[in-house]
Amino acid sequence: MNIADQTFPAVDNANEDRAQAIRDQLRDAIVDRRLAPGTKLSEGEVGTLFDVSRTVARAALQMLSFEGLVRTERNRGAFVANPSPEEARQVFASRRLIEPGIAIAAAGRMTPAHVVAFKAQLDEEGRFIAERGPSARRSEIKASGDFHLLLASVAGNVILQRFMEELVARSSLVIALYGRSGVSSCGHSEHMNILEALENGNSERASALMLHHIDHIEADLDLRVRSGPALRQALEF
């Protein structure tokens, strides 16, 4: 479905701001896996939880649908997306096309203040890696995505920055679904290497490191298509 096919409910500016705020909270919950793939998102329940009309709730859900984090089904409603292995591959193919160029643009705009911000972000990422448990893992995935969003911000292209917000959100959902354990510490060290290249103004190295980093993330996903167990096996008869 493309943007021409989208039908967004009419909302005024105040309600549009409210819908965007609800979208942001729901997106965080999806990316953090607090809302599992396949979870039904009822307009009525969303409206009740956030004390808004169904129209505002519908607008928030349609924003998430356009970003690929929610799927809508006719006569059934909205559900948290459950990306297929092929969709996961397409997300990372898109990142390979875009992020090396973002790294080149960012290298030419880095300031000491940007370096400080990156180092603070990497410190936070490192803290989550040192922790254990599902909550720390979710926080770590989010912090890792924040590195890429910060890089897009430094690059100074607002259109690409918004596109990256969508790609990082989709990537976080994919990593949470398909990621193997052990990739995170490698990703953290790769982030530090990218920052070093950016700090030195070495755009070509930053771009090459970014491409390697994205390849590494995808390689650590288990995207094999498996058939589900038969009923007897599933019920352990």
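Placed above this text is the structure.
Keep in mind that this is a model prediction, so the values were computed, not measured.

Here is what the cut-offs are and how they apply
Residues numbered from 1 in each chain as written. Predicted model: local features only at pLDDT ≥ 70, side-chain atom pairs only at ≥ 80, totals over all residues. Heavy atoms only, no water. Core = buried A, V, L, I, M, F, W, Y, C linked by side-chain atoms within 4.5 Å. Buried < 20%, exposed > 50% of the residue type's maximum accessible area, 1.4 Å probe, protein only. Helix = DSSP H or I, 4+ residues; strand = E, 2+ residues; numbered from the N terminus. Contact = heavy atoms within 4.5 Å. Pairing = 2+ DSSP bridges. Salt bridge = Lys/Arg side-chain N within 4 Å of Asp/Glu carboxyl O. Arc of directions from axis to C-beta. Polar contact = N/O pair within 3.5 Å; in protein donor to acceptor, adjacent residues only side chain to side chain.

A. Representation of the nonpolar core. Formed by 35 residues in total, the largest nonpolar core has its most connected members in Phe92, Leu151 and Leu198. Sorting the residues of this core by element identifies α4 (85-107), α5 (112-130), α6 (134-155), α7 (158-178), α8 (183-199) and α9 (203-219) as the ones contributing at least two each. The greatest single-element share of this core, amounting to 8 residues, is contributed by α4. What Phe92 contacts, discounting residues up to four positions off in sequence, is Ser171, Val174, Ile175, Ile214, Ile217, Glu218 and Leu221. Counting residues in each nonpolar core, the second largest holds 25 residues, with Val46, Val56, Ala78 and Val80 among its members.

B. View of the pairing of strand β3 (residues 77-80). As judged from the 2 bridges shared by strand β1 (residues 40-41) and β3, these two strands associate in the antiparallel manner. Of the residues in β3, the one forming a bridge with Lys40 is Phe79. Relative to β3, strand β2 (residues 70-73) runs antiparallel, the two sharing 4 bridges. Note on β3: the bridge partner recorded for Val70 is Val80.

C. A look at the pattern of salt bridges. Under the counting rule described, the total for this entry stands at 14 salt bridges. The closest approach of N and O atoms between Arg58 and Glu43, which form a salt bridge, is 3.0 Å. In this pair, Arg58 is assigned in helix α3 (residues 54-66) and Glu43 in helix α2 (residues 43-50), connecting sequence segments 15 residues apart. Ionic pairing is found between Asp146 and Lys142, a salt bridge with its closest N-O pair at 3.2 Å. Of this pair, Asp146 and Lys142 are both found in helix α6, 4 residues apart, which corresponds to roughly one turn of the helix. By relative accessible area, which is 35% here, Lys142 ends up partly exposed. Each of Arg23, Asp24, Arg27 and Glu67 takes part in one network of salt bridges that share partners.

D. Looking closely at α2. Inspection of α2 places Gly44, Val46, Gly47 and Phe50 among the buried residues, and these make up the whole buried set. For α2, the angular spread of buried residues about the axis comes to 165 degrees, placing them on one side. Opposite the buried face of α2, at more than 90 degrees from it, the exposed residues are Thr48 and Leu49. As for α2, its buried residues are in contact with α1 (13-31) and α3. The backbone nitrogen of Gly44 has a side-chain oxygen 3.2 Å away, supplied by the residue at the start of α2, namely Ser42.

E. Here's a closer look at unusual backbone geometry. The phi dihedral of Asp51 is positive, around 55 degrees, even though this residue is not glycine. Along the chain, the position of Asp51 falls in the loop between α2 and α3. Residue classification places Asp51 among the exposed positions, given a relative accessible area of 71%. Of note in this structure, Asn75 is not a glycine but carries a positive phi near 65 degrees. When you line up the elements, Asn75 lands in the loop between β2 and β3.

On their own, these measurements won't tell you what the molecule is for.
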